[in-house]
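In case you want the letters, here they are:
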Amino acid sequence: MDLHLADKTVVITGGSKGIGLACAHSFAAEGCAVHLVARTAGDLEEARDQVSREHDVKVVSHPLDLSDSANVDELARRCSDVDILVNNAGAIPAGDIQAVDEDTWREAWDLKVFGYINMTRRFYPLIRDHGGGVIMNVIGLAGVRVDPKYIAGSGGNASLIGFTHAMGAYALEEGMRVLGVCPGAVQTERITTILKTRARNEKGDESRWQDYFAGMPLNRPALVEEVADVVTFLCSDRAAWLTGITVNVDGGAANR
């Protein structure tokens, strides 16, 4: 299936690892020029080189902390010809309301919640005036299946789901689409490391880290590539009638 994405320009935040890097590979495979954004320059350069080696497209890295709105403005100056924005940066820490102090909560929301909002505020008119396109928000299932032990993430993700629905509702009238995906458990490098540590501490054997997948759909989390494939399709012309929605990529977990 031709997704009609060749020669599009895509900006991906949180693009050095995990879902963001998988999205970079997926879009690059469709012939898109890719701009990767992350805070850590070393990881970002490694990701850029990896995508460049595997795909014959332009790949540019931007080591910027998007919790600072001045860096959002700087990125917009560098990427004024963008067609698709994938907001993916930020990981909100777990814990109940007593465990997550105010400074930690604000720092996490500055990058993910306000980061997505500020990126959308800045890039929506750029993309619209460039001929129209897509803003995709990678959010998280905790905004749908809320958890008091992940209170900052549940609140932040729920806010971004509402934000996405509102921004996308009338976007087609301006040649735009705004939509999101809400992944459930995803097997990223970060999650694997956390589970190996947990298995070593609780079971005395880090090789048993996959035991914690028991009870998940198919007894495993999603692969980053499975999330990236959904993101890429939704950003393509093949999904041109979709806007103002979020899609759960969770193996049905939200409805169990």
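The structure this text deals with has already been given above.
Scoring rules and cut-offs
Throughout, a residue's number is its position along its own chain's written sequence, starting from 1. Thresholds applied to this predicted model are a pLDDT of at least 70 for local features of residues and 80 or more for the giving and counting of side-chain atom pairs; totals over whole chains, interfaces and linings are not thresholded and use all residues. To obtain the side-chain values, all non-hydrogen atoms of the structure were used and water was disregarded. We call a set of buried residues a nonpolar core when its members are Ala, Val, Leu, Ile, Met, Phe, Trp, Tyr or Cys and they connect through side-chain atoms within 4.5 Å of each other. Burial classification: accessible surface area is computed with a 1.4 Å probe over protein chains only, and a residue below 20% of its type maximum counts as buried, one above 50% as exposed, and the rest as partly exposed. Segments assigned H or I by DSSP are reported as helices when at least four residues long, segments assigned E as strands when at least two residues long, and all are numbered from the N terminus. It only takes one pair of heavy atoms within 4.5 Å for two residues to be counted as in contact. When DSSP finds two or more bridges between a pair of strands, those strands are recorded as paired. We call a crossover right-handed when, viewed with the strands running away from us, the connection from the first strand over the helix to the second turns clockwise. Under this definition, polar contacts are N or O atom pairs within 3.5 Å; protein pairs additionally need one hydrogen-donor-capable and one acceptor-capable atom, and for neighbouring residues in sequence, both atoms have to be side-chain atoms. To get an axis, a line is fitted to the C-alpha atoms, and for a helix only the part in contact is used. The angle between two axes follows their N-to-C directions and goes from 0 to 180 degrees.

Peer 1: So what's going on with the nonpolar core? Residues and values would help.
Peer 2: Core analysis: the biggest nonpolar cluster contains 45 residues, and I12, F27, L36, I84, V86, M136 and V231 have the highest contact counts within it. The greatest single-element share of this core, amounting to seven residues, is contributed by helix α1 (residues 18-29). Those residues in contact with I84, other than ones at most four positions away along the chain, are L5, T9, V10, V11, F27, V134 and C235. If you look at the next biggest cluster of nonpolar residues, it comprises 20 residues, including L75, V82, M176 and V178.

Peer 1: Explain the pairing of strand β5 (residues 133-138) to me, using residue names and the numbers behind them.
Peer 2: Of all six residues in β5, six are buried, a share of seventy percent or more. Inspection of the sheet shows strand β4 (residues 84-87) paired to β5 by four bridges, in the parallel sense. Paired with N87 across the two strands is N137, which belongs to β5. One ladder, built from six bridges, connects β5 with strand β6 (residues 176-183); its direction is parallel. Opposite V138, over in β6, you have V181 as the bridge partner. Between β5 and its parallel partner β6, the chain crosses via helix α6 (residues 151-168), and the hand of that crossover is right-handed.

Peer 1: Pulling in residues and values, what's your account of the side chain of T232?
Peer 2: Note that T232 resides in helix α8 (residues 224-234). Using a relative accessible area of 2% as the deciding quantity, one classes T232 as buried. Looking at T232, its side chain comes within polar contact range of the side chain of S26, at 2.7 Å. Within the structure, the side chain of T232 is placed 2.8 Å from the backbone oxygen of A228, a separation counted as a polar contact.

Peer 1: A description of the sheet that holds β6 should follow, citing residues and the corresponding values.
Peer 2: Overall, parallel pairing links the seven strands, which are arranged β3-β2-β1-β4-β5-β6-β9 in an open sheet. Edge positions in the open sheet fall to β3 (59-63) and β9 (246-249), since each of these has one partner strand only. Taking each pair of neighbouring strands and ignoring which way they run, the sheet shows an average axis angle of 15°. Both β6 and β9 contribute to a ladder of four bridges, which runs parallel. Directly across from C182, in β9, lies its bridge partner N248. Contacting β1 (9-13), β4, β5 and β6, helix α5 (residues 113-129) crosses the sheet at an angle of about 165° to β5. The strands touched by α6 within the sheet are β5, β6 and β9, with β6 carrying the most contacts at an inclination of about 160°.

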